[in-house]
Amino acid sequence: MQALAALDTWPVDHAAAAVIGADGVLSTAGDQDRVFELASVTKLLVAYGVLVAVEEGAVELDTPAGPPGSTVRHLLAHTSGLAFGDRTVAAEPGTKRIYSSAGFEVLAELVASESGIAFPDYLDEAVFAPLGMARTELVGSAGHGARASTADLARFAVELLRPTLLSAHTVAEAVTVHYPGLRGILPGYGMQRPNDWGLGFEIRDGKSPHWTGPTNAPSTFGHFGQAGTFLWVDPTRDLACVALADRAFGDWAKDAWPPLSDAVVAEFGRR
């Protein structure tokens with residue numbers, strides 16, 4: 001179990017990681033119960049909660065939300081036209097991939113309004129509690145305000161590999177590119193042509209440079225966060241990896257994360 005040994009060299013005070021297969025955790029490093037700020041990895045959890053609301057009938061993917069002409073689908077896929085951090089309209093819906101935390105706040109407000117349940121409570125009841133994610137909570141913005149342990153995110157990764165809270169069809173749709181061909185900026189990595197995204201899940205495709213490894217399949221999906229966190233799922237290998245740290249994303253992460261991902265694929269991705 002050599003891949004996760006790399007965490008010992010990371011320039012951080014605390015880090016923890018897990019490698020996950022369809023049947024559960026394959027390898028760990030660091031304190032699995034330590035709670036870290038997730039930053040934008042929050043969006044994966046929120047997207048899953050919104051998709052539960054879709055399956056429950058509280059909202060639909062084509063429900064209007066956000067700027068005129070925008071829908072739940074646009075908001076999840078970062079194509080609503082909303083700016084990154086506020087509700088300024090920067091483009092027509094469906095014309096450009098503008099990564100927007102504000103859009104996820106709009107989604108949370110919509111689900112709360114339609115369900116009659118405060119969104120943090122909805123997310124806990126719909127996702128965290130059923131999966132046993134006892135150390136996970138949404139304490140701030142639906143775009144970046146959750147905290148969780150590595151053990152909890154490993155449980156979520158198993159759910160992504162073998163869905164129980166959502167239908168397999170819904171998850172497959174969520175990790176398929178929506179509004180293909182749109183360009184946009186991937187935070188930390190500049191303009192991508194195209195900047196492919198599913199419904200809340202970033203899709204690796206041919207992006208380079210990227211926070212996953214070059215050996216990750218193009219269909220790899222997930223998210224990273226500015227808090228120094230990431231979660232990816234490589235569906236071609238039934239493999240996932242979670243890594244959480246307490247140092248903000250920067251050059252250290254750009255240098256450390258892809259080799260770690262490649263080492264995980266090399267060690268655990270054999271068929």
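Use the structure listed above.
For clarity, every value in this text was computed on a predicted model and none was experimentally measured.

Colleague: Lay out the pairing of strand E11 (residues 239-245) in plain terms, naming residues and giving numbers.
Modeller: The element E11 is extensively covered by neighbouring structure, given that seven of its seven residues are classed as buried. Every second residue of E11 is oriented toward a common face, with Leu239, Cys241, Ala243 and Ala245 on one face and Ala240, Val242 and Leu244 on the other, all of them buried. Sheet analysis places strand E1 (residues 15-21) next to E11, joined by seven bridges and oriented antiparallel. Each residue of the ladder has a partner; that of Ala18, found in E11, is Val242. Where strand E10 (residues 229-234) folds back on E11, the antiparallel hairpin that results is connected by four residues, among which Asp238 adopts a positive phi of roughly 50 degrees.

Colleague: Let's hear about the pattern of salt bridges: which residues, and what values?
Modeller: Within the structure shown, the criterion is met by eleven salt bridges. We note a salt bridge from Glu173 to Arg73, for which the minimum N-O separation is 3.2 Å. One end of the pair, Glu173, is in helix H6 (residues 168-174); the other, Arg73, is in helix H2 (residues 72-76), with 100 residues separating them in the sequence. Judged by relative accessible area, which is 16%, Arg73 ranks as buried. Across the pair Asp234 and Arg237 runs a salt bridge, and its minimum N-O distance is 2.6 Å. Linked through salt bridges whose partners overlap, the residues forming this network are Glu37, Glu137 and Arg147.

Colleague: Tell me what's going on with helix H5 (residues 150-161), and back it up with residues and numbers.
Modeller: Look at H5: 16 Å from first C-alpha to last across twelve residues, which is about the 16 Å you get at 1.5 Å a residue. Within H5, ten of the twelve residues are buried, which leaves it mostly tucked inside the rest of the structure. Here H5 has its buried residues at Thr150, Ala151, Asp152, Leu153, Ala154, Phe156, Ala157, Glu159, Leu160 and Leu161.

Colleague: Pulling in residues and values, what's your account of the layout of surface pockets?
Modeller: Approximately 150 Å³ is the volume attributed to the largest pocket. Mapped onto the lining of the largest pocket, the elements with two or more residues apiece are H5 and H6. Among the elements that line the lining of the largest pocket, the one with the most residues is H6, at three residues. Tallied by class, residues from the lining of the largest pocket come to ten nonpolar, no polar and two charged.

Colleague: Quick rundown of the pairing of strand E9 (residues 221-225)? Include the residues and the values.
Modeller: Burial analysis of E9 places five of its five residues in the buried class, the great majority of the element. In E9, alternate side chains face the same way, and those of Phe221, His223 and Gly225 on one face and Gly222 and Phe224 on the other are all buried. Two strands pair when backbone bridges link them, and E9 and E10 are joined in this way by five bridges, in the antiparallel orientation. Paired with Gly222 across the bridge in E10 is Trp232. With antiparallel pairing between neighbouring strands as the criterion, E9 and E10 make up a hairpin whose turn holds three residues, including Gly228 at a positive phi of roughly 95 degrees.

Colleague: Go over the nonpolar core, please, and point to the residues and values.
Modeller: The tendency in soluble globular proteins is for nonpolar side chains to be buried side by side. Core analysis: the largest hydrophobic core is formed by 58 residues, its most contacted members being Leu76, Val127, Leu153 and Phe156. For this core, the element with the highest residue contribution is helix H1 (residues 42-56), accounting for nine residues. Discounting residues that sit within four places of it in the chain, Leu153 has contacts with Leu38, Val41, Leu45, Met133, Ala148, Leu231, Val242 and Leu244. The next biggest cluster of nonpolar side chains, apart from the first, holds 30 residues, and it includes Leu186, Trp211, Cys241 and Leu260.

Colleague: Provide a residue-level description of helix H3 (residues 101-115), including the pertinent values.
Modeller: Helix length check: H3, at 15 residues, gives a terminal C-alpha distance of 21 Å against a target of 21 Å (1.5 Å per residue), a fit within 8%. Buried residues of H3: Ser101, Ala102, Gly103, Phe104, Val106, Leu107, Ala108, Leu110 and Val111, and no others. Against H1, H2 and helix H4 (119-131) lie the buried residues of H3. Two or three places before Ala102, at the start of H3, stands the capping residue Ser100, its side-chain oxygen 3.4 Å from that residue's backbone nitrogen. Immediately downstream of H3, the backbone of Gly116 shows phi near 75 degrees, a positive value.

Parameters and conventions
- Residues numbered from 1 in each chain as written.
- Predicted model: local features only at pLDDT ≥ 70, side-chain atom pairs only at ≥ 80, totals over all residues.
- Heavy atoms only, no water.
- Buried < 20%, exposed > 50% of the residue type's maximum accessible area, 1.4 Å probe, protein only.
- Helix = DSSP H or I, 4+ residues; strand = E, 2+ residues; numbered from the N terminus.
- Pairing = 2+ DSSP bridges.
- Salt bridge = Lys/Arg side-chain N within 4 Å of Asp/Glu carboxyl O.
- Expected span 1.5 Å × (residues − 1).
- 1 Å grid on protein atoms, 1.4 Å probe; cavity = no way out; pocket = protein on both sides within 12 Å on 5 of 7 lines; lining within 4 Å.
- Points joined across faces, edges and corners; volume = space filled by probe spheres on them.
- Nonpolar A, V, L, I, M, F, W, Y, C, P; charged D, E, K, R; others polar.
- Core = buried A, V, L, I, M, F, W, Y, C linked by side-chain atoms within 4.5 Å.
- Contact = heavy atoms within 4.5 Å.
- Polar contact = N/O pair within 3.5 Å; in protein donor to acceptor, adjacent residues only side chain to side chain.

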